[in-house]
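Summary of the model geometry
So you can see what is in the structure, the chains are spelled out below.
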Amino acid sequence: MTDQHRRAVIAGLRDLADFLQANPAVPVPHGSIHVTYVPERAADADMCAEIDRIAALLNTPIDSRFLTRGHYVTGLDFGPVRYEAVAIFAEARARFEALDSYAGCVTPDTRGGGPARSA
């Protein structure tokens, strides 16, 4: 990431906040908003080291709830906005890519209009 890109991201976030403030009729998302940093693909240990480095900067722990899904995550909340750093392990990427390889092979039957409902 270049310094120019970093400045552009920060300016964009400020512009969005100013726009939403000036246009109260524009709805905002329900729930939380995540700004997620994902390191470039590398060996799992290298990506974890990068997330550990970010966790130290944020003074936040690694969220162990996501380890079983193959995600190494830390983050910091600012109200409903969350800055998050996520490394996705090679095995988890491989599982996703295997599932995604079937995309378009199955077509749902949309003729019925959905499940039957009782009155």
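Above this note sits the structure.
Residues numbered from 1 in each chain as written. Predicted model: local features only at pLDDT ≥ 70, side-chain atom pairs only at ≥ 80, totals over all residues. Heavy atoms only, no water.

**Observations concerning a nonpolar patch on the surface**
- On the surface, Val 9, Leu 13, Ile 33, Val 35, Phe 78 and Val 81 cluster together to form a nonpolar patch covering roughly 460 Å² of accessible area.
- Elements that contribute at least two residues to the nonpolar patch include exactly α1 (3-22) and β1 (33-37).
- Take Val 81: it is sitting in strand β3 (residues 81-88). (Patch = residues over 30% accessible without salt bridge, like charges linked within 9 Å, V, L, I, M, F, W, Y side chains within 5 Å. Areas by Shrake-Rupley, 256 points an atom, 1.4 Å probe, with all protein chains shown as cover. Salt bridge = Lys/Arg side-chain N within 4 Å of Asp/Glu carboxyl O. Helix = DSSP H or I, 4+ residues; strand = E, 2+ residues; numbered from the N terminus.)

**Considering the nonpolar core**
- Ranked by size, the top nonpolar core spans eight residues in total: Met 47, Cys 48, Ile 51, Ile 54, Tyr 72, Ala 85, Ala 87 and Phe 89.
- The set of elements that each furnish at least two residues to this core consists of α2 (44-58) and β3.
- Ignoring any residue separated from it by four or fewer positions in sequence, one finds Phe 89 in contact with Asp 44, Met 47, Cys 48, Leu 67, Gly 70, His 71 and Tyr 72. (Core = buried A, V, L, I, M, F, W, Y, C linked by side-chain atoms within 4.5 Å. Buried < 20%, exposed > 50% of the residue type's maximum accessible area, 1.4 Å probe, protein only. Contact = heavy atoms within 4.5 Å.)

**Observations regarding the pairing of β3**
- Summarising the sheet, β1 and β3 pair through five bridges and their orientation is parallel. Its bridge partner lying in β3, Tyr 37 is registered against Ala 85.
- Pairing between strand β2 (residues 71-78) and β3: eight bridges, direction antiparallel. Looking at β3, one finds that Val 73 is bridged to Val 86.
- Counting the residues in the hairpin turn of β2 and β3 gives two residues, including Gly 79, whose phi is positive at 65 degrees. (Pairing = 2+ DSSP bridges.)

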